[in-house]
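# Report on the structure
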Amino acid sequence: NREADPEELKEFDAVVLCGGSRKPRSLNVEHMDAEGVYFAVDFLTKTTRLLLAGADNRLAAGKHVLVVGGGDTGNDCVGTVLRQGCASVVQLEMMPAPPESRTAGNPWPEWPRTLRTDYGQMEAEAVQGSDPRTYETTVKRIIPGEDGRITAVETVRLRRTPEGRMEPVEGSEQTLPCDL
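Residues numbered from 1 in each chain as written. Predicted model: local features only at pLDDT ≥ 70, side-chain atom pairs only at ≥ 80, totals over all residues. Heavy atoms only, no water.

## Observations concerning the overall build of the chain
Rules: To qualify as a helix, a DSSP run of H or I must reach at least 4 residues; to qualify as a strand, a run of E must reach at least 2; elements of each kind are numbered from the N terminus. Three labels apply to residues, based on accessible area from a 1.4 Å probe with only protein chains included: buried if under 20% of the type maximum, exposed if over 50%, partly exposed otherwise in between. Only heavy atoms enter the contact rule, under which two residues are in contact if any of them lie within 4.5 Å. Surface exposure here means Shrake-Rupley accessible area, sampled with a 1.4 Å probe, where a residue is shielded only by the protein chains that are shown.
What the chain contains, in helices and strands, is 4 helices and 7 strands. Counting from the amino terminus, helix and strand elements in the chain follow one another as α-α-β-α-β-α-β-β-β-β-β. The proportion of buried residues among the 180 residues of the chain is 29%. Taking as baseline every contact in the chain between residues at least 6 positions apart, the subset at least 24 positions apart corresponds to 52%. On the chain, roughly 12200 Å² of surface is accessible, and the fraction owed to carbon and sulfur atoms is 51%.

Right, here's the structure in full:
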(Lines give C-alpha, C1' and ligand atoms only; values in the text may rest on other atoms or scores of the structure.)
Protein backbone atom coordinates (compact mmCIF):
# COMPACT_ATOMS: atom_id res chain seq x y z
CA ASN A 1 0.00 0.00 0.00
CA ARG A 2 2.87 2.34 -0.62
CA GLU A 3 4.27 3.80 -3.79
CA ALA A 4 7.06 1.71 -5.24
CA ASP A 5 10.54 3.19 -5.20
CA PRO A 6 11.80 3.25 -8.82
CA GLU A 7 15.18 2.03 -7.57
CA GLU A 8 13.53 -1.06 -6.04
CA LEU A 9 11.79 -1.85 -9.34
CA LYS A 10 15.09 -1.94 -11.24
CA GLU A 11 15.83 -5.39 -9.80
CA PHE A 12 12.76 -6.89 -11.52
CA ASP A 13 12.62 -7.99 -15.16
CA ALA A 14 8.92 -7.18 -15.32
CA VAL A 15 6.05 -5.79 -13.31
CA VAL A 16 2.83 -7.76 -13.66
CA LEU A 17 -0.51 -6.17 -12.79
CA CYS A 18 -3.20 -8.76 -12.10
CA GLY A 19 -6.88 -8.01 -11.84
CA GLY A 20 -10.10 -9.92 -12.20
CA SER A 21 -11.99 -9.74 -15.44
CA ARG A 22 -15.05 -7.52 -15.54
CA LYS A 23 -16.19 -9.24 -18.73
CA PRO A 24 -17.89 -12.60 -18.12
CA ARG A 25 -17.65 -15.50 -20.54
CA SER A 26 -20.94 -16.62 -22.02
CA LEU A 27 -21.87 -20.29 -22.30
CA ASN A 28 -22.74 -19.60 -25.96
CA VAL A 29 -25.98 -21.54 -25.71
CA GLU A 30 -29.47 -20.52 -26.74
CA HIS A 31 -31.62 -18.66 -24.17
CA MET A 32 -28.76 -17.10 -22.19
CA ASP A 33 -31.12 -14.13 -21.97
CA ALA A 34 -33.81 -16.11 -20.11
CA GLU A 35 -34.97 -14.53 -16.86
CA GLY A 36 -33.11 -16.11 -13.95
CA VAL A 37 -29.82 -16.54 -15.85
CA TYR A 38 -27.05 -14.43 -14.31
CA PHE A 39 -23.34 -14.12 -14.74
CA ALA A 40 -21.77 -14.96 -11.37
CA VAL A 41 -20.34 -11.55 -10.45
CA ASP A 42 -23.58 -9.84 -11.54
CA PHE A 43 -25.55 -12.20 -9.28
CA LEU A 44 -23.25 -11.64 -6.31
CA THR A 45 -23.30 -7.86 -6.87
CA LYS A 46 -27.10 -7.74 -7.11
CA THR A 47 -27.43 -9.82 -3.95
CA THR A 48 -25.08 -7.51 -2.06
CA ARG A 49 -26.75 -4.32 -3.31
CA LEU A 50 -30.18 -5.59 -2.27
CA LEU A 51 -28.82 -6.51 1.16
CA LEU A 52 -27.20 -3.09 1.64
CA ALA A 53 -30.44 -1.39 0.56
CA GLY A 54 -32.34 -3.31 3.23
CA ALA A 55 -34.37 -5.19 0.59
CA ASP A 56 -35.01 -8.92 0.32
CA ASN A 57 -31.87 -10.28 -1.33
CA ARG A 58 -32.84 -13.95 -1.27
CA LEU A 59 -32.89 -14.38 -5.06
CA ALA A 60 -32.38 -18.14 -4.69
CA ALA A 61 -34.98 -18.84 -1.98
CA GLY A 62 -36.82 -22.07 -2.80
CA LYS A 63 -35.15 -22.39 -6.21
CA HIS A 64 -33.17 -25.14 -7.91
CA VAL A 65 -29.84 -23.47 -8.67
CA LEU A 66 -27.13 -24.43 -11.12
CA VAL A 67 -23.68 -22.84 -10.75
CA VAL A 68 -21.52 -23.23 -13.84
CA GLY A 69 -17.81 -23.07 -13.07
CA GLY A 70 -15.61 -23.27 -10.06
CA GLY A 71 -12.91 -21.24 -8.45
CA ASP A 72 -13.50 -18.66 -5.77
CA THR A 73 -16.43 -17.02 -7.59
CA GLY A 74 -18.26 -20.30 -8.17
CA ASN A 75 -17.68 -21.23 -4.54
CA ASP A 76 -19.06 -17.85 -3.40
CA CYS A 77 -22.18 -18.45 -5.51
CA VAL A 78 -22.72 -21.90 -3.95
CA GLY A 79 -22.38 -20.52 -0.42
CA THR A 80 -24.62 -17.53 -1.19
CA VAL A 81 -27.52 -19.53 -2.64
CA LEU A 82 -27.40 -22.00 0.24
CA ARG A 83 -27.65 -19.14 2.73
CA GLN A 84 -30.54 -17.71 0.72
CA GLY A 85 -32.45 -20.97 1.20
CA CYS A 86 -32.27 -22.55 -2.26
CA ALA A 87 -34.12 -25.85 -2.80
CA SER A 88 -30.95 -27.39 -4.28
CA VAL A 89 -27.63 -26.42 -5.80
CA VAL A 90 -25.50 -28.24 -8.38
CA GLN A 91 -22.10 -26.94 -9.46
CA LEU A 92 -20.77 -27.97 -12.88
CA GLU A 93 -17.06 -28.19 -13.63
CA MET A 94 -16.06 -28.92 -17.21
CA MET A 95 -12.63 -30.26 -16.28
CA PRO A 96 -11.99 -33.61 -14.55
CA ALA A 97 -11.72 -33.64 -10.75
CA PRO A 98 -8.15 -32.91 -9.70
CA PRO A 99 -6.25 -35.62 -7.81
CA GLU A 100 -6.55 -35.68 -4.01
CA SER A 101 -2.77 -35.51 -3.58
CA ARG A 102 0.13 -34.16 -5.62
CA THR A 103 1.21 -36.08 -8.67
CA ALA A 104 4.85 -36.62 -9.68
CA GLY A 105 4.40 -33.87 -12.29
CA ASN A 106 3.38 -31.35 -9.60
CA PRO A 107 6.27 -31.32 -7.09
CA TRP A 108 6.81 -28.85 -4.27
CA PRO A 109 7.34 -25.82 -4.43
CA GLU A 110 4.80 -25.56 -7.30
CA TRP A 111 1.26 -24.61 -6.38
CA PRO A 112 -0.51 -27.88 -5.49
CA ARG A 113 -2.94 -28.82 -8.26
CA THR A 114 -5.09 -30.96 -5.99
CA LEU A 115 -8.74 -31.27 -5.10
CA ARG A 116 -9.75 -28.52 -2.70
CA THR A 117 -13.10 -28.34 -1.01
CA ASP A 118 -13.92 -24.78 0.03
CA TYR A 119 -16.56 -23.38 2.36
CA GLY A 120 -19.36 -23.38 -0.26
CA GLN A 121 -18.95 -27.08 -1.00
CA MET A 122 -18.61 -27.83 2.73
CA GLU A 123 -21.85 -25.97 3.41
CA ALA A 124 -23.56 -27.90 0.59
CA GLU A 125 -22.39 -31.17 2.13
CA ALA A 126 -23.82 -30.09 5.49
CA VAL A 127 -27.13 -28.80 4.05
CA GLN A 128 -27.74 -31.18 1.11
CA GLY A 129 -25.74 -34.17 2.29
CA SER A 130 -23.35 -34.19 -0.69
CA ASP A 131 -20.73 -32.22 -2.55
CA PRO A 132 -22.55 -30.11 -5.19
CA ARG A 133 -19.84 -30.53 -7.84
CA THR A 134 -20.28 -32.58 -10.98
CA TYR A 135 -17.10 -32.83 -13.03
CA GLU A 136 -16.59 -33.19 -16.79
CA THR A 137 -20.05 -31.74 -17.46
CA THR A 138 -21.35 -28.56 -19.06
CA VAL A 139 -24.60 -26.92 -20.13
CA LYS A 140 -25.80 -27.93 -23.59
CA ARG A 141 -28.93 -25.78 -23.54
CA ILE A 142 -31.10 -23.62 -21.32
CA ILE A 143 -34.80 -24.47 -21.30
CA PRO A 144 -37.10 -21.50 -20.64
CA GLY A 145 -40.81 -21.68 -19.86
CA GLU A 146 -43.49 -19.85 -21.81
CA ASP A 147 -42.92 -16.80 -19.58
CA GLY A 148 -39.24 -16.61 -20.65
CA ARG A 149 -37.96 -17.71 -17.24
CA ILE A 150 -35.45 -20.56 -16.97
CA THR A 151 -37.10 -23.83 -15.91
CA ALA A 152 -34.42 -26.43 -16.67
CA VAL A 153 -31.05 -27.02 -18.28
CA GLU A 154 -29.81 -29.85 -20.44
CA THR A 155 -26.30 -30.92 -19.49
CA VAL A 156 -23.83 -33.10 -21.33
CA ARG A 157 -20.81 -35.06 -20.10
CA LEU A 158 -17.39 -34.17 -21.55
CA ARG A 159 -14.27 -36.19 -22.29
CA ARG A 160 -10.74 -35.18 -23.19
CA THR A 161 -9.64 -35.91 -26.75
CA PRO A 162 -6.12 -37.19 -27.52
CA GLU A 163 -5.35 -33.59 -28.59
CA GLY A 164 -6.30 -32.37 -25.10
CA ARG A 165 -9.63 -30.68 -26.01
CA MET A 166 -12.87 -31.39 -24.16
CA GLU A 167 -15.70 -32.78 -26.33
CA PRO A 168 -19.30 -33.82 -25.59
CA VAL A 169 -20.07 -37.48 -24.96
CA GLU A 170 -22.92 -38.42 -27.30
CA GLY A 171 -25.96 -39.79 -25.47
CA SER A 172 -24.91 -38.44 -22.04
CA GLU A 173 -27.45 -35.60 -21.96
CA GLN A 174 -29.41 -35.06 -18.77
CA THR A 175 -32.16 -32.54 -17.96
CA LEU A 176 -32.02 -30.87 -14.55
CA PRO A 177 -34.68 -28.62 -13.02
CA CYS A 178 -33.26 -25.12 -12.76
CA ASP A 179 -34.87 -21.84 -11.66
CA LEU A 180 -31.66 -19.82 -11.27
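After presenting the structure, the write-up continues.
## Topic: the pairing of strand β1 (residues 64-68)
Inclusion rule: For two strands to pair, DSSP has to find at least two bridges joining them. A crossover counts as right-handed when, viewed with the strands pointing away from the observer, the path leading from the first strand over the helix to the second turns clockwise.
Where β1 and strand β2 (residues 88-93) come together, 5 bridges link them in parallel fashion. When the bridges of β2 are listed, valine 65 appears paired with valine 89. Where the polypeptide runs from β1 across helix α3 (residues 71-83) and back to β2, its parallel neighbour, the crossover connection is right-handed.

## Structural notes on helix α4 (residues 119-128)
Note the cut-off: Arc definition: directions from the helix axis to the C-beta atoms.
Buried within α4 we find Gly120, Gln121 and Ala124. The arc that holds every buried residue of α4, seen down its axis, measures 95 degrees, which confines them to one face. Looking at the buried side of α4, the elements it contacts are α3, β2 and β3 (133-135). Directly beyond the C-terminal end of α4, a positive phi value near 90 degrees is found at glycine 129.

## Quick notes on the packing of helix α2 (residues 40-52) against α3
The relative placement of two packed helices comes down to the angle between their axes together with the axis-to-axis distance. The line we're drawing: All axes are obtained by fitting lines to C-alpha atoms, using only the stretch in contact for helices, and the reported angles, taken between N-to-C directions, cover 0 to 180 degrees. Roughly parallel refers to an angle under 35 degrees, roughly antiparallel to one over 145, roughly perpendicular to one between 65 and 115, and oblique to any angle outside these ranges. Crossing handedness is defined as follows: a turn of the near helix away from the far one that is anticlockwise and smaller than a right angle gives a left-handed crossing, while the clockwise case is right-handed. When residue character is reported, Ala, Val, Leu, Ile, Met, Phe, Trp, Tyr, Cys and Pro are called nonpolar, Asp, Glu, Lys and Arg charged, and the others, Gly included, polar.
Where α2 contacts α3, the two axes come as close as 10 Å, and the packing angle between them is 40 degrees. It follows that α2 is oblique to α3 by the angle criterion. At the point where α2 passes α3, the crossing takes the left-handed sense. Taking contact as the criterion, the partners of Ala40, Val41, Phe43, Leu44 and Thr47 in α2 are, on α3, Thr73, Asp76, Cys77, Thr80 and Val81. Residue composition of the contact of α2 with α3, by class: 6 nonpolar, 3 polar and 1 charged.

## What to know about the sheet that holds β1
Reading across the sheet, the 3 strands line up as β1-β2-β3 and stay open at both edges, with parallel pairing between neighbours. Whereas interior strands pair on both sides, the edge strands pair on one side only; in this sheet they are β1 and β3. Ignoring strand direction, the axes of neighbouring strands in this sheet form an average angle of 25 degrees. Bridge count between β2 and β3: 3 bridges; the pairing is parallel. Looking at β3, one finds that glutamate 93 is bridged to tyrosine 135. Contacts between α3 and the sheet are confined to β1 and β2, with β2 contributing the most and set at about 170 degrees to the helix.

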